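Listed below are the residues making up each chain.
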Amino acid sequence: MDTEPAIRIDNLVKEYASPGPGEAPKLALKGVSFDVPQGGIFGLLGPNGAGKSTLINILAGLVTKTSGSAEIWGFDIDESSRNAKRSIGIVPQEIVFDPFFTPFEVLENHGGFYGIGKADRRSEELLKAVRLFDKRDAYARTLSGGMKRRLLIAKAMVHSPPILVLDEPTAGVDVELRRQLWELVGELNAQGVTVVLTTHYLEEAEQLCDRIAIINHGELIANKPTRELVDMAREKIVSVTLDADVESAPSHEAFTKVELAGERGVEVTYDKDKLNAGQVLAILQEQGLKVEDVTTREADLEDVFVQLTGTGA
Ligand code: ADP
């Protein structure tokens, strides 16, 4: 790739001090390295406690790293911390506003915090972008949860950073609001903003992100274009409905797992490198089972995630 990465993370280590006497210090990041390319939507996934927030908080300047280095838009977070911070907008997990400020004031104050002169502030433009212009002068405490989240995104964009980071932006958010938030993220990305997000919704990461990194126990265990990552799932499932009840699950050495599903249903998990669905059916028929109906399930990101981390999301 000839363009510089938006973010470069090199051998990042974070050890949190021991929380109390007799307790071990916590190694939250064990030497993580990866680049976030410019211009895409990059997903950072991992089970709870994997180290995602630690990593993002190091980039945000909220947590001090133990060792390693990171560059944001070419600026080292130690040597050029001011420029590094100006190059990134962070949307935190928690909603934090002074309830007595209006959305307009929240953005104006934040612009002031970044030293942006009144004439150069983008508060109105940003309120329009996140569809809060009509709430411009309402107290922040009267906004709905979804409006507050949109205001947080506008707030993170006040200084026009080339990179926007969203930490679990849709945790606990309803389906409609999630859709709206993703639409907004997509629009910002289309305007050239590099987006990094952490999420628990694997299906969403699969749809939205063009590249995904997975961390587990403080280690990077995958970093690939989404399509290649999903393709890593070796296991596939064929579900069949038989013409009669089965008492015990059929078995065969080539099957990874067989489960009964309801009275006449059988689910066969197999390794797609060794078998195909046709061969699975042929094996069942050889065993004297008559198949009435068949569905296959494609592997998805969740399968890969479970394979790599050994946990459900
Ligand atoms: P994630 O965001 O992936 O859920 P975190 O980065 O929050 O993971 O946490 C990574 C690990 O570091 C966890 O084991 C967590 O308990 C620990 N940890 C996080 N923050 C602190 C802290 N301030 N002090 C001590 N340990 C912490």
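Read on for an overview of the structure. What you see is a predicted model, and the numbers here were worked out from it, not measured in a lab.

About the cut-offs
Residues numbered from 1 in each chain as written. Predicted model: local features only at pLDDT ≥ 70, side-chain atom pairs only at ≥ 80, totals over all residues. Heavy atoms only, no water. Buried < 20%, exposed > 50% of the residue type's maximum accessible area, 1.4 Å probe, protein only. Helix = DSSP H or I, 4+ residues; strand = E, 2+ residues; numbered from the N terminus. Contact = heavy atoms within 4.5 Å. Phe/Tyr/Trp six-rings, centres within 6.5 Å; stacked < 30°, edge-to-face > 60°. Lys NZ or Arg CZ within 6 Å of the ring centre and 35° of its normal. Axes fitted to C-alpha atoms, helices over the stretch in contact; angles between N-to-C directions. Parallel < 35°, antiparallel > 145°, perpendicular 65-115°, else oblique. Left-handed = near helix turned anticlockwise from the far one by under 90°. Nonpolar A, V, L, I, M, F, W, Y, C, P; charged D, E, K, R; others polar. Salt bridge = Lys/Arg side-chain N within 4 Å of Asp/Glu carboxyl O. Pairing = 2+ DSSP bridges. Near = heavy atom within 4 Å. Polar contact = N/O pair within 3.5 Å; in protein donor to acceptor, adjacent residues only side chain to side chain. Areas by Shrake-Rupley, 256 points an atom, 1.4 Å probe, with all protein chains shown as cover.

### Regarding helix H3 (residues 103-113)
Residues separated by three or four positions in an α-helix point in the same direction, a consequence of the helix having 3.6 residues per turn.
Part 1 of the reasoning: Looking only at H3, the buried set comprises Pro103, Phe104, Val106, Leu107, Glu108, His110 and Gly111.
Part 2 of the reasoning: Contact partners of the buried residues in H3: helix H4 (123-129) and helix H5 (145-156).
Part 3 of the reasoning: Gly115 sits one or two positions beyond H3 and adopts a positive phi of about 75°.

### A short note on the packing of aromatic side chains
Part 1 of the reasoning: Here the structure, examined in full by the defined rule, presents 3 aromatic pairs.
Part 2 of the reasoning: For the ring pair Phe34 and Phe42, a centre distance of 5.5 Å and an interplane angle of 5° mean the geometry is stacked. This pair shows no difference in class: Phe34 is buried, exactly as Phe42 is.
Part 3 of the reasoning: Seen from their ring centres, Phe113 and Tyr114 are 5.4 Å apart, and the 85° between their planes marks the pair as edge-to-face.
Part 4 of the reasoning: The exposure class of Tyr114 is buried, given its relative accessible area of 17%.
Part 5 of the reasoning: Sitting over the ring of Phe133, Lys128 keeps its end group 4.8 Å from the ring centre.
Part 6 of the reasoning: Over the face of the ring belonging to Phe104 we find Arg136, whose NZ or CZ atom lies 4.2 Å from the ring centre.

### Comments concerning the packing of H3 against H5
Helix-helix packing is described using two parameters, namely the angle between the two axes and the distance between the axes.
Part 1 of the reasoning: At a closest axis distance of 9 Å, the pairing of H3 and H5 adopts a crossing angle of 25°. The angle between the axes of H3 and H5 places the two elements in the roughly parallel class. The two elements H3 and H5 cross, and the hand of that crossing is right-handed. Residue-level contacts link Pro103, Val106, Leu107 and His110 of H3 to Leu151, Ala154 and Lys155 of H5.
Part 2 of the reasoning: Across the contact of H3 with H5, the residue classes tally to 5 nonpolar, 1 polar and 1 charged.

### Remarks on the pattern of salt bridges
Part 1 of the reasoning: According to the stated counting rule, one finds 14 salt bridges in the structure shown.
Part 2 of the reasoning: Linking Arg8 and Asp35 is a salt bridge whose minimum nitrogen-to-oxygen distance equals 4.0 Å. Of this pair, Arg8 sits in strand S1 (residues 7-16) while Asp35 sits in strand S2 (residues 26-36), and the two are 27 residues apart along the sequence.
Part 3 of the reasoning: Look at Arg8 and you get partly exposed, because its relative accessible area is 32%.

### Overview of the packing of H5 against helix H6 (residues 175-190)
Part 1 of the reasoning: Interaxial distance between H5 and H6 falls to 10 Å at its minimum, and their mutual angle equals 15°. Our classification of the angle between H5 and H6 gives roughly parallel. As H5 runs across H6, the sense of the crossing is right-handed. When H5 is examined against H6, the residues Gly146, Arg149, Arg150 and Ile153 are found in contact with a partner set consisting of Leu177, Gln180, Leu181, Leu184 and Leu188.

### A word on the sheet that holds strand S11 (residues 235-242)
Pairing between the strands of a sheet comes from backbone hydrogen bonds, and it takes one of two forms, parallel or antiparallel.
Part 1 of the reasoning: Strand order in the open sheet formed by 4 strands is S12-S13-S11-S14, and the pairing between neighbours is antiparallel. The outermost strands of the open sheet, each flanked by one partner alone, are strand S12 (255-261) and strand S14 (291-297). On average, each strand axis in the sheet is inclined to that of its neighbour by 20°, with strand direction left out of account.
Part 2 of the reasoning: Relative to S14, S11 runs antiparallel, the two sharing 6 bridges. Opposite Val238, over in S14, you have Thr296 as the bridge partner.
Part 3 of the reasoning: Lying over the sheet, helix H9 (residues 277-286) contacts S11, S12, strand S13 (265-271) and S14, oriented at roughly 40° with respect to S11.

### With respect to the sheet that holds strand S10 (residues 219-225)
Part 1 of the reasoning: With mixed pairing, 6 strands are arranged side by side in an open sheet as S6-S7-S8-S3-S9-S10. Two strands bound the open sheet, and with one partner strand each, they are strand S6 (88-91) and S10. Direction aside, the axes of adjacent strands within the sheet are offset by 15° on average.
Part 2 of the reasoning: With respect to the sheet, helix H10 (residues 301-309) is in contact with strand S3 (41-45), strand S9 (211-216) and S10, its orientation differing from that of S9 by roughly 30°.

### Let's talk about the site of the ligand
Part 1 of the reasoning: Every residue near the ligand is listed here: Tyr16, Lys26, Ala28, Pro47, Asn48, Gly49, Ala50, Gly51, Lys52, Ser53 and Thr54.
Part 2 of the reasoning: Within the backbone of Gly51, an N or O atom sits 2.9 Å from an oxygen atom of the ligand.
Part 3 of the reasoning: Considering the ligand on its own, with 550 Å² of exposed area, one finds that the protein chains cover 62% of that surface.
Part 4 of the reasoning: Residue assignment for the shell around the ligand shows that the elements contributing at least two residues are S2 and helix H1 (52-59).
Part 5 of the reasoning: Among the elements that take part in the shell around the ligand, H1 stands out by supplying 3 residues, more than any other.
Part 6 of the reasoning: In terms of residue class, the shell around the ligand is made up of 4 nonpolar, 5 polar and 2 charged.

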